[in-house]
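Structural description and commentary
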Amino acid sequence: MFKNVFGSGFLVRTAHVILTWVITLILFLHDTELRKQEETGQLVQPVLFVLLVLVSVLLYFAVSLMDPGFILSDDSDLQFTLGVTEEQQDMIPPTSKSLRQRRCGHCLLQTHQHPKASALSTEPHNAGVSNYTDLDFKQQPMRSKHCQTCQHCVRRYDHHCPWIENCVGERNHRWFVLYLAVQLLVLLWGLHIAWTGFSPAPAWQLWLRSNGMLLAVAVLVALLSLIVLLLLGSHLYLVSLNTTTWEFMSRHRISYLKHCGADENPFDRGTFHNLWGFFCVWGSVVWEQVYFREGSNQV
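Residues numbered from 1 in each chain as written. Predicted model: local features only at pLDDT ≥ 70, side-chain atom pairs only at ≥ 80, totals over all residues. Heavy atoms only, no water.

Bringing a nonpolar patch on the surface into the picture now. Taken together, W21, L43, V44, V47, L48, L51, L54 and L58 make up a surface patch of nonpolar side chains, about 720 Å² in accessible area. Among the elements that make up the nonpolar patch, the one with the highest residue count is helix α3 (residues 44-65) (6 residues). Taking the relative accessible area as the measure of exposure, L54 reaches 37% and is therefore partly exposed. (Patch = residues over 30% accessible without salt bridge, like charges linked within 9 Å, V, L, I, M, F, W, Y side chains within 5 Å. Areas by Shrake-Rupley, 256 points an atom, 1.4 Å probe, with all protein chains shown as cover. Salt bridge = Lys/Arg side-chain N within 4 Å of Asp/Glu carboxyl O. Helix = DSSP H or I, 4+ residues; strand = E, 2+ residues; numbered from the N terminus. Buried < 20%, exposed > 50% of the residue type's maximum accessible area, 1.4 Å probe, protein only.)

Below, the structure is given as structure tokens:
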């Protein structure tokens, strides 16, 4: 369920953790409200702040190392033919009896040198026949996409986030939104603490000399706060519509959306049901049933 912490993205995660605790340490070392409360024995707010920072770091590791919903090869997968890309798949037939999953052309290219494929191509009775027609390959349920950075197909793919060095998909999207909310709270609180630490000076050169480090931290935290606020707002907006970043940005190239109107979303079940399903319903959703409004049991 979780990736190796020392694997891909180790440097990014290390830099994030170091930056987080360095900023926290600076807020404690300067003459801020946090330090004054610590010195007077009022430990409630300092302890709460440190705990909130710790929660944000743990959530960061959770979304960074969590399986976002990778689709793994399975012997029961449907078979797959050469030369078909993700956006070129035909529309899924509108009947529950013949629901057909899309097939990932990127995974086909990755398996071009697969030993099973090579063995199949050398058999006499397969001469002149595509090497891959009798092989099992990954199938893409609706709303999934192949991430070329992670080299995996991801269920309900949203985007690949370089900040966490992981995809955001079906299994970790709600945790990603929760992480953004906690991180925004930490940043805004840290910005307030930094503001309380600025000390007056008779000249701006003296003020800059005594408050330069804290000013740099405040500017950095303010910039990060703005970024996280925009990210959180955009994700909550898209979640309320039951759409993903990938679908919102690339609907004109997605087979099951490009035939819909500009304001039409086949997955939209109303704001309340969209938010409830995103935050409170666990498990995989059969989006083909939602798409065609067939079947009452969607999980």
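Another aspect to go through is the packing of aromatic side chains. If you walk through the whole model with that rule in mind, you get 14 aromatic pairs. Measuring from ring centre to ring centre gives 5.8 Å for Y256 and F267, while their planes differ by 75°; the resulting arrangement is edge-to-face. Within this pair, whereas Y256 is found in the loop between α8 (245-250) and α9 (271-280), its partner F267 is found in the loop between α8 and α9, the two being separated by 11 residues in sequence. Judged by relative accessible area, which is 2%, Y256 ranks as buried. Ring centres 6.3 Å apart and planes at 20° place the aromatic pair F272 and W276 in the stacked group. (Phe/Tyr/Trp six-rings, centres within 6.5 Å; stacked < 30°, edge-to-face > 60°.)

As a further point, take the environment of H16. Within the secondary structure layout, H16 lies in helix α1 (residues 10-29). Ignoring sequence-local partners within four residues, the contact set of H16 consists of Y60, W163, Y179 and Q183. (Contact = heavy atoms within 4.5 Å.)

Right, let's talk about the environment of N211 for a bit. Note on placement: N211 falls in helix α7 (residues 204-241). Considering only alpha carbons, one finds N211 and D31, 180 residues apart in sequence, at a separation of 9.9 Å. With residues up to four places along the chain from it excluded, the contact list for N211 reads G197, F198 and S199.

What follows is about the pattern of salt bridges. Tallying each qualifying case throughout the model produces 3 salt bridges. Here R171 and D67 are joined by a salt bridge, their closest N and O atoms 2.9 Å apart. Of this pair, R171 sits in the loop between β7 (166-168) and α6 (173-196) while D67 sits in the loop between α3 and β1 (70-71), and the two are 104 residues apart along the sequence. With relative accessibility at 42%, the residue R171 sits in the partly exposed group. Residue D67 is classed as buried on the basis of its relative accessible area, which comes to 13%.

By themselves, these figures tell us nothing about what the structure is for.
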